[in-house]
Amino acid sequence: MATPEPGGVDEGFLGRSTKRILIVSFGILLALLVAAGWSAIATLSSIHSQELAASSDFLSRTEPLIQMHSKLILYGGLVQTAPGDARQLFSQIRAELAHYPRERCQEEQTLIDHLQTVMSDQDRVRAQMLALHDAQLMKNALGNAVLPSHLRVIAATEQITFWNDNRFRAVNAGLLVSSNQLRDRLKILLLCLLGSGLAIALGSVVLIAAQEKEIRVRYAELAKSHDARADLSARLMDAQEQERLSISRELHDEVGQSLGALLVDMGRLSANLPQNDETVQDQIRKMRQLAESSVAAVRNIALLLRPSMLDDLGLVAAIEWQAREISRRNDVEVEVQADEVPANLKEAVKMCIYRVTQEALNNTARHSGAHRAWVTLHTSGGSLELKIRDDGKGFDPQRSRGLGILGMEERVRLLKGSLAVHSVPGEGAEITARFPLQ
Amino acid sequence: MNPTRVLLADDHKLIRSGLRLIVEQHPEFTVVGEADDGRQAVALAESLKPDVVVMDIGMPSLNGIEAAAQITKAHPDIAIVMLSMHSDEGYVLRALKAGARGYLLKDSAEADLSRAIDAVREGKSFFSPVVSKVLLEDYMRKLARSGAEDSFDLLSSREREILQLVAEGNSSKESAGLLNLSVHTVETHRANLMQKLNLRGMPELILYAVRKGLIR
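Because the structure is predicted, anything quoted here is derived from the model rather than measured.

Chemist: I keep staring at the overall build of chain B and nothing clicks. Help me out?
Modeler: Counting its regular elements, chain B contains ten helices and six strands. Expressed as a percentage of the 216 residues in chain B, the buried residues total 55%. Residue pairs at least 24 apart in sequence account for 63% of intrachain contacts in chain B once pairs closer than 6 positions are excluded. Entry remark: accessible area of chain B is about 9400 Å², with carbon and sulfur atoms responsible for 51%.

Set out below in structure tokens:
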């Protein structure tokens with residue numbers, strides 16, 4: 001069996017050489033079948049025409065012979081009672097012989113010649129008998145010459161009949177032999193064809209089974225790599241969130257708290273130093289301002305990385321906070337209408353809802369030119385539906401699918417949810433994410 | 001008057017010691033305990049029965065809002081000052097709903113903590129001035145963008161007075177005494193103003209008052 005060539009994926013399921021072998025085998029099989037059928041038909045028709053010729057030969061000879069034979073029997077009686085009528089009948093019998101086919105083999109011709117001879121003999125002895133005028137003499141001549149000669153004529157006729165029967169039998173036997181030969185030949189040929197057909201079929205089955213197995217293996221590999229990719233993607237996203245969480249904690253706990261403590265210390269320092277020393281107090285004020293803006297910067301970074309309200313207040317409050325933050329910093333006013341989410345909602349789903357809202361609202365603020373935006377979060381049936389809508393300039397979702405939307409889709413899909421983007425240029429945009437609830 | 005007994009709850013030791021210094025500068029305050037997470041704060045509030053708990057919102061195991069809710073549910077007489085990094089109304093409203101009467105930003109804790117402890121000890125409310133400012137800005141911006149009218153304009157001057165007194169922590173009876181009105185009249189005004197402002201419950205009323213700068 002041909003193994004697929006390297007890079008067999010491009011060759012189709014079967015290798016090129018395997019295909020060629022299969023096509024050639026099936027072609028040969030088909031040609032053999034046609035040839036066998038053709039020769040069988042030709043042989044059969046030749047046997048049939050030989051048979052027809054033989055039987056017509058036989059009949060064309062038998063017919064005059066039977067006529068002659070039956071008339072000869074009549075003649076046998078007539079020659080004893082009315083020899084004059086008998087002479088007329090005999091000439092009819094001789095005329096009957098003229099109907100016997102002309103094409104004859106040598107043996108046959110000899111037999112015919114013999115018949116002619118004995119018939120002439122009969123004519124002669126009957127004429128001699130009729131020439132006698134004595135009744136007794138005529139009776140003697142009849143018994144001694146005419147009747148024996150008549151018997152010889154009958155014998156000669158029967159000889160020809162016998163020969164004719166034999167020849168027909170021989171031809172038939174020959175035809176039987178050739179038809180038996182044909183049968184045997186066909187039998188062998190058909191057996192050969194059946195054998196090779198079976199072999200080819202078996203080969204094909206084995207080949208296809210092998211190919212199928214390979215396809216299954218390849219498919220399994222493909223599915224596995226796809227799963228692995230999704231798994232990797234999920235873990236990357238998880239790792240990203242964890243990383244953000246730890247950086248956020250680090251910033252908040254270490255940097256933020258140290259700065260906070262520094263602020264408190266500076267406050268106490270300022271209180272302990274003479275209030276009328278303008279230079280020192282001014283310097284401390286500047287230091288405090290610097291520390292305060294650092295605290296604010298650290299807090300903002302930490303919040304971007306990990307919204308602590310998600311932990312402190314829950315998902316709905318975090319979304320409301322996000323909406324207010326966007327409203328404060330941009331020209332768009334965001335309204336939130338949210339049901340409380342189920343208490344057992346997975347952390348990953350909460351995070352996903354939060355991030356999708358964040359991304360969508362940022363897109364709205366940055367690109368849409370919207371003045372109003374609405375966030376709704378509802379449970380309906382067995383799913384949780386998040387919708388972010390704006391009254392901005394919209395876009396064609398078929399054409400522009402930014403990385404942001406792809407990222408949202410990926411996040412949602414990893415949690416077995418679905419994301420739909422609906423927008424018509426000039427009529428705002430709407431993003432809907434649905435998550436199944438167990 | 002006995003010294004005010006204060007319990008400090010914050011997961012950072014540095015902050016706790018800073019807070020302790022501020023509190024103990026005040027002659028009438030004394031720190032009776034320190035908790036470094038929400039669960040410990042609830043347990044210590046139970047065993048020490050402090051007058052005031054100064055509580056950070058962001059704490060591990062049980063956050064400050066949950067801890068405050070548990071404490072005020074078991075001991076309504078314990079006053080709570082919430083410490084937070086956030087001036088967002090989501091935090092303020094949830095802190096109020098959890099029963100906190102004071103809400104301080106950590107940045108300004110040093111300047112305002114003593115006043116906040118005093119206020120909540122007397123049953124009054126206290127909010128960092130920055131919080132009022134942020135809430136007011138949010139509110140005004142929203143009004144301007146949505147084109148809605150300020151429902152505050154719908155209130156009569158009497159209703160405004162009562163709104164402020166109630167939000168500051170005065171009962172209907174105390175407000176009635178201060179305004180020389182009957183308790184019934186005060187309660188009618190109060191119900192009317194809450195309907196006009198579409199407010200549900202005290203936390204929303206206080207938040208509204210803070211937003212309007214009626215409490216500081």
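Chemist: Looking at this structure, how should I read the overall build of chain A?
Modeler: If you tally the helices and strands in chain A, you get nine helices and five strands. Ordered by position in the sequence, the α and β elements of chain A form the string α-α-α-α-α-α-α-β-α-β-β-α-β-β. Within the span of chain A, comprising 438 residues, buried residues form 34% of the whole. When contacts within chain A are restricted to residue pairs at least 6 apart in sequence, those whose partners lie at least 24 apart make up 70%. Total accessible area on chain A is roughly 25800 Å²; 60% of this is exposed by carbon and sulfur atoms.

Chemist: Help me understand the nonpolar core, please; the structure alone is not making it clear to me.
Modeler: Across soluble globular proteins, nonpolar side chains show a tendency to be buried alongside one another. If you look at the biggest cluster of nonpolar residues, it comprises 94 residues, and the most contacted ones within it are Leu315(A), Ile353(A), Phe435(A), Met55(B), Met82(B), Tyr103(B) and Leu163(B). Among the elements that line this core, the one with the most residues is helix H8 (residues 347-368) of chain A, at eight residues. With residues near it in sequence (within four places) discarded, Met82(B) still touches Met55(B), Ile57(B), Gly64(B), Ile65(B), Ala68(B), Ala95(B), Ala100(B), Gly102(B), Tyr103(B) and Leu104(B).

Chemist: Is there a simple way to explain the interface of chain B and chain A in this structure?
Modeler: The extent of an interface is frequently quoted as the accessible surface area lost upon association of the parts. At the junction of the two partners, chain B supplies 26 residues and chain A supplies 29 residues. Carbon and sulfur atoms make up 51% of the surface buried where chain B meets chain A, a total of about 2500 Å² over both sides. On the chain B side of the interface with chain A, the three residues burying the most area are Met85(B), Arg94(B) and Arg145(B), jointly 24% of the side's total. For the pair chain B and chain A, the number of links is eight salt bridges. A salt bridge links Glu320(A) to Arg94(B), with the nearest nitrogen and oxygen atoms 3.7 Å apart. Between the two partners, chain B and chain A, sit 13 residue pairs in polar contact (both at pLDDT 80 or more). Those elements giving two or more residues to the side of chain B that touches chain A turn out to be helix H1 (13-25), helix H4 (89-97) and helix H6 (129-146) of chain B.

Chemist: I would appreciate a short explanation of the environment of Ile112(A) in the present structure.
Modeler: Residue and element names in this part refer to chain A. Residue placement: isoleucine 112 occurs in helix H3 (residues 106-131). A sequence separation of 44 residues divides isoleucine 112 from alanine 156, and the C-alpha atoms of the two residues are 8.2 Å apart. In this structure, isoleucine 112 is in contact with Leu97, Tyr100, Arg104 and Ile160, ignoring residues within four places of it in sequence.

Chemist: Please clarify how the packing of helix H8 (residues 172-179) of chain B against helix H9 (residues 183-196) of chain B should be interpreted in this entry.
Modeler: The geometry of a pair of packed helices is captured by two quantities: the angle between their axes and the separation between those axes. All names here are of chain B. At a minimum axis distance of 8 Å, the contact between H8 and H9 shows a crossing angle of 110°. It follows from the interaxial angle that H8 and H9 lie roughly perpendicular. Contacts between H8 and H9 involve Ser172, Lys173, Ser175 and Ala176 from the first element and Val183, Val186, Glu187 and Arg190 from the second.

Chemist: What should I look at first to understand the sheet that holds strand S2 (residues 372-380) of chain A in this one?
Modeler: Residue and element names in this part refer to chain A. In space, the five strands of this open sheet follow the order S1-S2-S3-S5-S4, with mixed pairing throughout. With one partner strand each, in any of the chains shown, strand S1 (333-338) and strand S4 (418-423) form the two edges of the open sheet. On average, each strand axis in the sheet is tilted by 10° relative to the strand beside it, whichever way the strands run. Examined bridge by bridge, S2 and strand S3 (residues 383-390) share eight bridges and lie antiparallel to one another. Looking across to S3, one finds that leucine 377 is bridged to leucine 386.

Chemist: Explain the packing of helix H2 (residues 83-98) of chain A against H3(A) to me, please; I cannot follow it from the model alone.
Modeler: Residues and elements named next belong to chain A. Where H2 contacts H3, the axes come no closer than 11 Å and their chain directions differ by 165°. Here H3 runs roughly antiparallel to H2, going by the angle between their axes. In this structure, H2 meets H3 at a crossing whose hand is left-handed. Of H3, the residues touching H2 (which contributes Pro83, Arg87, Phe90, Ile93, Arg94 and Leu97) are Ile112, Leu115, Gln116, Met119, Ser120, Gln122, Asp123, Arg126, Met129 and Leu130. In terms of residue class, the contact of H2 with H3 is built from nine nonpolar, three polar and four charged.

Chemist: Would you take a moment to explain the pairing of strand S3 (residues 52-56) of chain B for this structure?
Modeler: Consecutive side chains of a regular strand alternate in pointing toward one face of the sheet and then the other. All names here are of chain B. The buried fraction of S3 amounts to five of the five residues, a majority that puts the element mostly inside the structure. The alternating pattern of S3 places Val52, Val54 and Asp56 on one face and Val53 and Met55 on the opposite face, and all of these are buried. Of the pairings in the sheet, the one linking strand S1 (residues 4-9) to S3 comprises four bridges and is parallel in character. Within the sheet, the bridge partner assigned to leucine 7 lies in S3 and is valine 53. Pairing of S3 with strand S4 (residues 79-84) involves five bridges; the strand directions are parallel. Looking at S4, one finds that aspartate 56 is bridged to leucine 83. Remark: the S3/helix H3 (residues 64-74)/S4 crossover connection has right-handed handedness.

Chemist: Looking at this structure, I do not really get helix H5 (residues 109-121) of chain B. What am I missing?
Modeler: The periodicity of an α-helix, 3.6 residues per turn, causes residues three or four positions apart to be oriented the same way. Along H5(B), the positions that sit buried rather than exposed are Ala109(B), Asp112(B), Leu113(B), Ala116(B), Ile117(B), Ala119(B) and Val120(B). Just downstream of H5(B) lies Gly123(B), where phi reads positive at about 85°.

Chemist: I would appreciate a short explanation of the side chain of Arg16(B) in the present structure.
Modeler: Residues and elements named next belong to chain B. Assignment of secondary structure puts arginine 16 in helix H1. In this structure arginine 16 comes out as buried when scored by relative accessible area, which is 8%. Not counting residues up to four positions away in its chain, the partners in contact with arginine 16 are Leu8, Asp10, Asp11, Glu34, Ala35 and Asp36.

Chemist: Quick question: what am I supposed to make of the side chain of Ser175(B) here?
Modeler: Relative to the helices and strands, Ser175(B) is located in helix H8. If sequence neighbours within four positions are ignored, Ser175(B) has contacts with Leu165(B), Val166(B), Asn170(B) and Val186(B).

Chemist: Mind showing me how you'd approach the sheet that holds strand S6 (residues 126-127) of chain B here?
Modeler: The strands making up a sheet are joined through hydrogen bonds of the backbone, oriented either antiparallel or parallel. Residues and elements named next belong to chain B. Across the sheet, which stays open at both edges, the six strands sit in the order S2-S1-S3-S4-S5-S6 with parallel pairing between neighbours. Each end of this open sheet is capped by a strand with a single partner; those strands are strand S2 (29-35) and S6. Helix H2 (residues 38-48) contacts S1, S2 and S3 of the sheet and is inclined by roughly 135° relative to S2. Running at roughly 180° to S4, H3 makes contact with S3 and S4 of the sheet.

Chemist: What am I meant to see in the confidence of the model for chain A here?
Modeler: Interpretation of the predicted coordinates at a detailed level should be avoided for regions scoring low in pLDDT. Here chain A averages 85 in pLDDT, and 95% of its residues register 70 or above. Overall, residues 1-11 of chain A carries pLDDT values under 50, and its contacts beyond four positions in sequence, including any with other chains, amount to 14 contacts.

Chemist: Even after reading the chapter, I still don't get the environment of Arg366(A), so can you show me in this structure?
Modeler: Residue and element names in this part refer to chain A. If you trace the backbone, arginine 366 turns up in helix H8. Classification of arginine 366 as exposed rests on a relative accessible area of 60%. For arginine 366 and asparagine 330, which are 36 residues apart along the polypeptide, the C-alpha to C-alpha distance reads 8.5 Å.

About the cut-offs
Residues numbered from 1 in each chain as written. Chains lettered and ligands numbered in written order. Predicted model: local features only at pLDDT ≥ 70, side-chain atom pairs only at ≥ 80, totals over all residues. Heavy atoms only, no water. Helix = DSSP H or I, 4+ residues; strand = E, 2+ residues; numbered from the N terminus. Buried < 20%, exposed > 50% of the residue type's maximum accessible area, 1.4 Å probe, protein only. Contact = heavy atoms within 4.5 Å. Areas by Shrake-Rupley, 256 points an atom, 1.4 Å probe, with all protein chains shown as cover. Core = buried A, V, L, I, M, F, W, Y, C linked by side-chain atoms within 4.5 Å. Buried area = accessible area lost by both parts, 1.4 Å probe. Salt bridge = Lys/Arg side-chain N within 4 Å of Asp/Glu carboxyl O. Polar contact = N/O pair within 3.5 Å; in protein donor to acceptor, adjacent residues only side chain to side chain. Axes fitted to C-alpha atoms, helices over the stretch in contact; angles between N-to-C directions. Parallel < 35°, antiparallel > 145°, perpendicular 65-115°, else oblique. Pairing = 2+ DSSP bridges. Left-handed = near helix turned anticlockwise from the far one by under 90°. Nonpolar A, V, L, I, M, F, W, Y, C, P; charged D, E, K, R; others polar. Right-handed = clockwise from strand over helix to strand, strands pointing away. pLDDT = per-residue confidence, 0-100.

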